[in-house]
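Here is what each chain is made of, one letter per residue.
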Amino acid sequence: MDICVILTYRCSSKCSMCYVWQNPTKLDEEVSINTLKKIPSGIDYLNLTGGEPTLRQDLMEIVDLLYPKAMTLEISSNGLHSERLEPIIKKYPAIKIRFSLEGCESTSEKIRGEKDGYQKKVKGLFRLKELGGKDLGFSMVIQDDNAEEAVELFRFATKHGFEMATSTLHNGFQFHKSDNVPYNRRNIAKHMGDLITEMLKGYNVKNLFRAYLNLGLMAKVLGHDRMLKCSAASDFAFIDPWSDVYACNVRPDLRVGNLESQDWNEIWNGSSVKSVKDSVYNCTHNCWMVGSAKTAMRHPKYVKLPKAGPLFWVIYNKLKIMFGGEVDFKRYINYENIYKDEQIVRRKFFLNESVQKKLQSKSDPHYQMCRKVFNK
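The structure displayed is predicted, hence computed values, not measured ones. (Residues numbered from 1 in each chain as written. Predicted model: local features only at pLDDT ≥ 70, side-chain atom pairs only at ≥ 80, totals over all residues. Heavy atoms only, no water.)

Participant: Explain unusual backbone geometry to me, please; I cannot follow it from the model alone.
Facilitator: With the exception of glycine, the majority of residues adopt a negative phi angle, and the majority of peptide bonds are in the trans configuration. The omega angle of the peptide bond from G50 to G51 is 15°, so this bond is cis rather than trans. Topologically, G51 is positioned in the loop between β2 (43–49) and α2 (59–66). Backbone geometry places D116, a non-glycine residue, at a positive phi of 65°. For D116, the location among the structural elements is in the loop between α4 (105–112) and α5 (117–130). Phi is positive for A233, close to 75°, though the residue is something other than glycine. Of note, A233 is situated in the loop between α8 (205–222) and β7 (236–239). (Helix = DSSP H or I, 4+ residues; strand = E, 2+ residues; numbered from the N terminus.)

And the structure:
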């Protein structure tokens, strides 16, 4: 099972596709160490995210608590405060670290609203590598403004021994955003095809299976049905900064309990989970890579192995590339069937903008802007 803990909604970035930074949580109301102690052991993958998790002054204590409970522990960070991760890497060199980078320097800083952010992230990741970090990399949200730079960023990451994870624009309560829509779905998909081909050229097993995940992202961008069934509330869950437990980070109606007031078994074996599982089964959201793709691809019994479908796809297309062939994307993707968006809202950039933030209290009604959110 996978669990994602949103430690805070405070953030030092000003991203165009995520407004969490405009809606920070109160420090003294964020999920506590005592509450996190209730997370069970034996977790396959546990992600500490935000907001920006390095803004938690007790992050080392949180890692000390949760690292033994998970097969893999990840910290998803914007990378602007990498010095705060140095003692963690020294103690736990195998911990997974991902810094958000959206392309080349000017593109990334524009999208993420981060002055000098690119250099801080790159230097920070190299520093963590010097300290012995073994699983370091970047994560990229592929969108209209950076899709053509995805291959270049991937080559940069591979050249220096870093990983590169990808997702694409989507909406959800975690991001406090409900109007993320691609401007040109076909163009983004084309560049993702180039990235898939580049990934298949190498021999890094992770990248070979990321190529398959990116095929799913291509389908999502074009508005097609997801290639793997969502397993929210079965294989993974999200815990928000107020300790509320959700099936996923998109639909706030899929709440199953509160870890502060309940224990994990009470939540996960309760009646709410059964009802939520039924809602997940009938969910029509097209939100690939929000948390379901990796778990849905995983073998149900042997969690370190993939299911047969993705495995055969990787082997077949890797062999094609090896012997001078090409991936026949038309075999998997219908480029003529592209979802027509009724309304497209242009994303605003905040690099040189000052925005009044709205501090969220625990007692406030949460995620109202996402009650009618939809991904296609």
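Next comes the rest of the write-up.
Participant: How should I be thinking about the side chain of H224 in this particular structure?
Facilitator: Structurally, H224 is set in the loop between α8 and β7. Using a relative accessible area of 11% as the deciding quantity, one classes H224 as buried. Within polar-contact distance, the side chain of H224 engages the backbone oxygen of N337 at 2.5 Å. If sequence neighbours within four positions are ignored, H224 has contacts with A219, N286, I333, N334 and N337. (Buried < 20%, exposed > 50% of the residue type's maximum accessible area, 1.4 Å probe, protein only. Polar contact = N/O pair within 3.5 Å; in protein donor to acceptor, adjacent residues only side chain to side chain. Contact = heavy atoms within 4.5 Å.)

Participant: Looking at this structure, how should I read α2?
Facilitator: Because the α-helix completes a turn every 3.6 residues, residues three or four places apart line up on one side. Taken as a whole, α2 has its buried residues at L59, I62, V63, L65 and L66. The buried residues of α2 all sit within an arc of 160° when viewed along its axis, so they share a single face. Contact partners of the buried residues in α2: α1 (33–36), β2, β3 (70–77) and α3 (86–91). (Arc of directions from axis to C-beta.)

Participant: Can you walk me through the nonpolar core in this structure?
Facilitator: Across soluble globular proteins, nonpolar side chains show a tendency to be buried alongside one another. Formed by 108 residues in total, the largest nonpolar core has its most connected members in V5, I39, L46 and L48. If one sorts the elements of this core by residue count, α8 sits on top with 10 residues. Those residues in contact with L48 that sit more than four places away from it in its chain are V5, L7, P53, L59, I62, V63, L66, L73, E74, I75 and S76. (Core = buried A, V, L, I, M, F, W, Y, C linked by side-chain atoms within 4.5 Å.)

Participant: Which parts of the structure should I look at to understand the environment of F349?
Facilitator: The residue F349 is located in the segment after α12 (308–322) in this model. If sequence neighbours within four positions are ignored, F349 has contacts with S16, K110, I111 and D145.

Participant: It is not clear to me how the packing of aromatic side chains should be interpreted in this structure. Could you clarify?
Facilitator: Any aromatic ring pair is given by two values, namely how distant the centres are and how the planes are angled relative to each other. Considering all chains together, one arrives at 17 aromatic pairs under this definition. Residues Y212 and W313 carry aromatic rings whose centres are separated by 5.5 Å and whose planes lie at 65° to one another, so their mutual orientation is edge-to-face. Placement of Y212 in helix α8 and of W313 in helix α12 is noted, with a sequence separation of 101 residues between them. On the basis of relative accessibility, which here comes to 6%, the residue Y212 falls in the buried class. Where W264 meets W268, the ring centres are 5.3 Å apart and the plane angle is 20°; that geometry is what we call stacked. Taken together, the residues W264 and W268, both in helix α9 (residues 264–268) and four residues apart, mark about one turn of the helix. Accessibility expressed as a relative area gives 7% for W264, which makes it buried. (Phe/Tyr/Trp six-rings, centres within 6.5 Å; stacked < 30°, edge-to-face > 60°.)

Participant: Explanation requested: the packing of α8 against α12 in the structure shown.
Facilitator: In helix packing, the relevant descriptors are the interaxial angle and the interaxial distance, both defined with respect to the helix axes. Axis separation between α8 and α12 bottoms out at 9 Å; the angle between their running directions is 110°. For the element pair α8 / α12, the angle class is roughly perpendicular. Contact residues: L208, F209, A211, Y212 and L215 in α8; P310, L311, W313, V314 and K318 in α12. Residues of the contact of α8 with α12, tallied by class, amount to nine nonpolar, no polar and one charged. (Axes fitted to C-alpha atoms, helices over the stretch in contact; angles between N-to-C directions. Parallel < 35°, antiparallel > 145°, perpendicular 65-115°, else oblique. Nonpolar A, V, L, I, M, F, W, Y, C, P; charged D, E, K, R; others polar.)

Participant: Is there a simple way to explain the sheet that holds β2 in this structure?
Facilitator: For sheets, the rule is that strands pair by backbone hydrogen bonds, running either parallel or antiparallel. Strands sit in the order β6-β5-β4-β3-β2-β1-β7-β8-β9 across an open sheet of nine strands; the sheet is mixed. Two strands bound the open sheet, and with one partner strand each, they are β6 (163–168) and β9 (255–258). Adjacent strand axes in the sheet meet at a mean angle of 25°, parallel and antiparallel pairs treated alike. Bridge count between strand β1 (residues 2–6) and β2: five bridges; the pairing is parallel. The partner of I6 across the bridge, within β2, is T49. (Pairing = 2+ DSSP bridges.)

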